[in-house]
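Given next are the chains, with one letter for each unit.
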Amino acid sequence: MKKGIKLSVKMGILVGLSIVISALAVEIMCLQEFKSEFGANVKMNLETVQRGILNNLNNRNIILRNAVVALSGRPNFIEAMEEGDASIIGDLAEQKRKIVGNDIMFVTDERGRVIAGSGALSIRVQIFLTWPV
């Protein structure tokens, strides 16, 4: 350092620089620790959410399969399918849709063609699905 500067000023500059360097070192260490801990926590939380979503989808799948089995075994549904009565099939689909809690529900034949539907979007979707190709 220069000779014309007082010793107290030199000491103040050294103390100030050491504080700045120490603060930067602590900040870098904290950021590194935070980054590793934060990344691990985010990963763990995402895995937990993923498991929850998969469980929800599996439960929903079981509920829907049970609804299909229950609907397809009803004598009035079997008769309506044999007769091709779309209004009865639609009414039964509407009942099951409300029980299961779906927004829409469709009944298809063995080829996948929509016979009847239920729900807010069912008319537009049904027209789209049955549109001649």
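This text goes with the structure placed above it.
The model shown is predicted, which means the values in this text are computed figures rather than measured ones. (Residues numbered from 1 in each chain as written. Predicted model: local features only at pLDDT ≥ 70, side-chain atom pairs only at ≥ 80, totals over all residues. Heavy atoms only, no water.)

## Some details on the environment of T108
Next up, step 1: With respect to the helices, strands and loops of the structure, T108 is situated in strand β1 (residues 104–108).
Next up, step 2: Residues T108 and M81 lie 27 residues apart in sequence; the distance between their C-alpha atoms is 9.9 Å.
Next up, step 3: Setting aside residues no more than four positions away along its own chain, T108 makes contact with M81, R113, V114 and I115. (Helix = DSSP H or I, 4+ residues; strand = E, 2+ residues; numbered from the N terminus. Contact = heavy atoms within 4.5 Å.)

## Here's the deal with the pairing of strand β2 (residues 114–119)
Next up, step 1: Pairing of β1 with β2, which is carried by five bridges, proceeds in the antiparallel orientation. Residue pairing in the sheet places V107 in a bridge with A116 of β2.
Next up, step 2: Hairpin geometry of β1 and β2 is characterised by an intervening segment of five residues between the two adjacent antiparallel strands and by a positive phi of about 95° at G112. (Pairing = 2+ DSSP bridges.)

## Notes on the pattern of salt bridges
Next up, step 1: If you walk through the whole model with that rule in mind, you get two salt bridges.
Next up, step 2: Between R97 and E94 there is a salt bridge, and its shortest N-O distance comes to 2.9 Å. Highlighted residues: R97 and E94, both in helix α3 (residues 86–100), separated by three residues, approximately one helical turn.
Next up, step 3: What you see here is one network of salt bridges that share partners, running through E94, R97 and K98. (Salt bridge = Lys/Arg side-chain N within 4 Å of Asp/Glu carboxyl O.)

## Details of the nonpolar core
Next up, step 1: Membership of the largest hydrophobic core is limited to eight residues, which are L71, F77, A80, I89, L92, A93, V107 and A116.
Next up, step 2: Ranked by the residues each element gives to this core, the list is headed by α3, at three residues. (Core = buried A, V, L, I, M, F, W, Y, C linked by side-chain atoms within 4.5 Å. Buried < 20%, exposed > 50% of the residue type's maximum accessible area, 1.4 Å probe, protein only.)

## What to know about the environment of V114
Next up, step 1: Within the element layout of this structure, V114 appears in strand β2.
Next up, step 2: A C-alpha to C-alpha distance of 9.8 Å links V114 and A86, two positions 28 residues apart in sequence.

## What to know about the packing of helix α2 (residues 75–83) against α3
Next up, step 1: Between α2 and α3, whose axes approach to 8 Å, the crossing angle comes to 145°. Remark: the crossing between α2 and α3 carries left-handed chirality. Each of N76, F77, A80 and M81 in α2 lies in contact with α3, whose residues at this interface are I88, I89 and L92. (Axes fitted to C-alpha atoms, helices over the stretch in contact; angles between N-to-C directions. Left-handed = near helix turned anticlockwise from the far one by under 90°.)

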